[in-house]
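Residue-level structure breakdown
Residue strings, one per chain:
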Amino acid sequence: MPGPNPPSPVPDRSEWLDRLEHDVALDLAESVRERGEVLDRLETCFPAYPDPATARRVEALRARFEAVDRRLAAGLRADLRAGRGRERLLRLAATSGAVRGDHYDHLDDLVAGLLQLEAPAAVPEPEAEMVFYQPTPARHVFDLVARLALGAGDVFVDLGSGLGHVPMLVGLCTDARATGIEWQPAYVERARAAAAALQLQRVVFVQQDARAADLSTGTVFYLYTPFTGSILRAVLDALRVEAGKRPIRVCSYGPCTHVLAREPWLASPEPVEADRIALFGPCIG
Ligand SMILES: C[S@@+](CC[C@H](N)C(=O)[O-])C[C@H]1O[C@@H](n2cnc3c(N)ncnc32)[C@H](O)[C@@H]1O
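On a predicted model such as this, the values are computed, not experimentally measured, just so you know. (Residues numbered from 1 in each chain as written. Predicted model: local features only at pLDDT ≥ 70, side-chain atom pairs only at ≥ 80, totals over all residues. Heavy atoms only, no water.)

1. Overview of the overall build of the chain
Across its full length, the chain holds ten helices and seven strands. In terms of overall dimensions, the chain has C-alpha extents of about 65 × 45 × 40 Å along its principal axes. The burial tally for the chain puts 45% of its 285 residues in the buried class. Carbon and sulfur atoms make up 55% of the accessible area of the chain, which amounts to about 14400 Å² in all. Each charge sign in the chain was given a centre, from 32 positive and 39 negative side chains, and these centres are 4 Å apart. (Helix = DSSP H or I, 4+ residues; strand = E, 2+ residues; numbered from the N terminus. Buried < 20%, exposed > 50% of the residue type's maximum accessible area, 1.4 Å probe, protein only. Areas by Shrake-Rupley, 256 points an atom, 1.4 Å probe, with all protein chains shown as cover. Lys, Arg positive; Asp, Glu negative; His and termini not counted. Charge placed at Lys NZ, Arg CZ, Asp CG, Glu CD.)

2. Regarding the side chain of Thr-219
By secondary structure assignment, the location of Thr-219 is in the loop between strand 3 (203-207) and strand 4 (220-224). Assessed through its relative accessible area of 18%, Thr-219 is described here as buried. When near neighbours in sequence (up to four residues on either side) are disregarded, Thr-219 contacts Gly-153, Asp-154, Val-155, Ile-248 and Arg-249. (Contact = heavy atoms within 4.5 Å.)

3. Digging into the layout of surface pockets
For the largest pocket, the calculated volume is near 600 Å³. Considering the residues around the largest pocket, the lining is formed by 38 residues, among which Val-131, Phe-132, Tyr-224, Thr-225 and Pro-226 are closest to the centre. Only strand 1 (155-159), helix 7 (165-173), strand 2 (177-182) and strand 4 provide two or more residues apiece to the lining of the largest pocket. Tallied by class, the residues present in the lining of the largest pocket amount to 22 nonpolar, ten polar and six charged. (1 Å grid on protein atoms, 1.4 Å probe; cavity = no way out; pocket = protein on both sides within 12 Å on 5 of 7 lines; lining within 4 Å. Points joined across faces, edges and corners; volume = space filled by probe spheres on them. Nonpolar A, V, L, I, M, F, W, Y, C, P; charged D, E, K, R; others polar.)

4. A word on the UniProt feature "domain: DOT1" (unreviewed entry) in the chain
Mapped onto this numbering, the UniProt entry gives "domain: DOT1" (unreviewed entry) at residues 139-192. Annotation note: span residues 139-192, helix share 50%, strand share 20%, distance between end C-alpha atoms 22 Å. (UniProt positions renumbered as here; feature names shortened; annotations may be inferred.)

5. Considerations on the site of the ligand
Taken together, 26 residues surround the ligand, and among them Thr-136, Asp-158, Gly-160, Glu-182 and Ala-210 come closest. Side-chain polar atom of Asp-158 to a nitrogen atom of the ligand: 3.0 Å apart, as the coordinates give it. Contact distances for the ligand include 3.1 Å between a nitrogen atom and a side-chain N or O atom of Asp-209. Judged by its atoms lying within 2 Å of the grid points, the ligand is housed in the largest pocket. Elements with a contribution of two residues or more to the shell around the ligand: helix 7 and strand 4. Here the shell around the ligand is built from residues that sort into 14 nonpolar, nine polar and three charged. (Near = heavy atom within 4 Å. Polar contact = N/O pair within 3.5 Å; in protein donor to acceptor, adjacent residues only side chain to side chain. Sits in = over half its atoms within 2 Å of the grid points.)

6. A closer look at the side chain of Gln-184
Mapped onto the elements, Gln-184 comes out in the loop between strand 2 and helix 8 (185-197). Sequence-distant contacts of Gln-184, defined by excluding residues within four places in its chain, comprise Val-123, Pro-124 and Pro-126.

7. Some details on the nonpolar core
Ranked by size, the top nonpolar core spans 43 residues in total, and within it Phe-142, Phe-156, Met-168 and Tyr-222 carry the most contacts. Those residues within four positions of Phe-142 in sequence are excluded, and the remaining contacts are Leu-89, Ala-93, Leu-107, Val-111, Leu-169 and Cys-173. (Core = buried A, V, L, I, M, F, W, Y, C linked by side-chain atoms within 4.5 Å.)

8. Topic: the environment of Pro-226
Among the secondary structure elements, Pro-226 is positioned in the loop between strand 4 and helix 9 (229-245). Classification of Pro-226 by relative accessible area gives buried; the value is 9%. With 29 residues separating them in the primary sequence, Pro-226 and Ala-197 have C-alpha atoms 26 Å apart. Those residues in contact with Pro-226, other than ones at most four positions away along the chain, are Glu-129, Met-130, Val-131, Leu-159 and Gly-160.

9. A short note on the packing of aromatic side chains
This structure, assessed with the given rule, holds four aromatic pairs. For the ring pair Trp-16 and Phe-46, a centre distance of 6.3 Å and an interplane angle of 10 degrees mean the geometry is stacked. Residue Trp-16 is found in helix 1 (residues 11-22), and its partner Phe-46 is found in the loop between helix 2 (32-45) and helix 3 (52-81); the two are separated by 30 residues along the sequence. We classify Phe-46 as buried; its relative accessible area is 10%. Ring centres of Tyr-133 and Tyr-187 lie 5.1 Å apart, and the angle between their planes is 50 degrees; on these two criteria the pair is classed as tilted. (Phe/Tyr/Trp six-rings, centres within 6.5 Å; stacked < 30°, edge-to-face > 60°.)

Here it is in structure tokens:
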């Protein structure tokens, strides 16, 4: 069967491609958000079978913008490995648009290039009440880092850390120590390798069920709905015990936030929103 007919060239789209081909501002490393938006639009505006000439133009633009992004990530990675680059990373993080929403954007692509995380080919099925790996969108992590104002005395603990980008970004953006607790050994192995390659000495990963974790040094705990039901109950009870010994903060994203919001020992200083990381501190009074 013949495939679908290529669509006839659309004049305003051709004009748009023309503008992109001459827009040198898009080659500036810091135009990362604009490039991300253009790459998304190239994907959605051009159907799978454009005419060959248009397909070549789209492909050339895509290759050009992806190469700029790759150079940006590689340069930033080299700087961060050498202990520099935090300010630049934070400036790039500030190019995020609206924080809310569970979509991924250009910052996820930047972080992927920066941390070079590689997912294992396969991991065992999670056990009952354990949630499979899904990364927190990078802009939410940067938003959290800005709101927490972590210092050198803080220990940030990601309970169910997956491939580990949250503790690694905390380590890169702040002077705090960061720990990832993760049940799946293959994720821990990849996270450790990525942190070692970046020489992140304040970031460690522990392969463990969060129910068995030593929570005694943490000052801030993060949960992106890593587990549900009795596991979540057991871990929240363990956190409540820690909160009885010293002030801690707990942050959450995803459906588990509803459970945390009902905990009588936790209070949020701001309205809890479904599509933004929620912050909780001790309930006073
Ligand atoms: C939704 S992902 C969140 C990953 C990461 N925290 C983030 O925000 O990008 C949940 C992670 O929790 C891990 N997990 C599930 N149950 C666990 C448990 N009992 N102990 C430790 N990790 C667990 C899963 O393997 C998965 O990697």
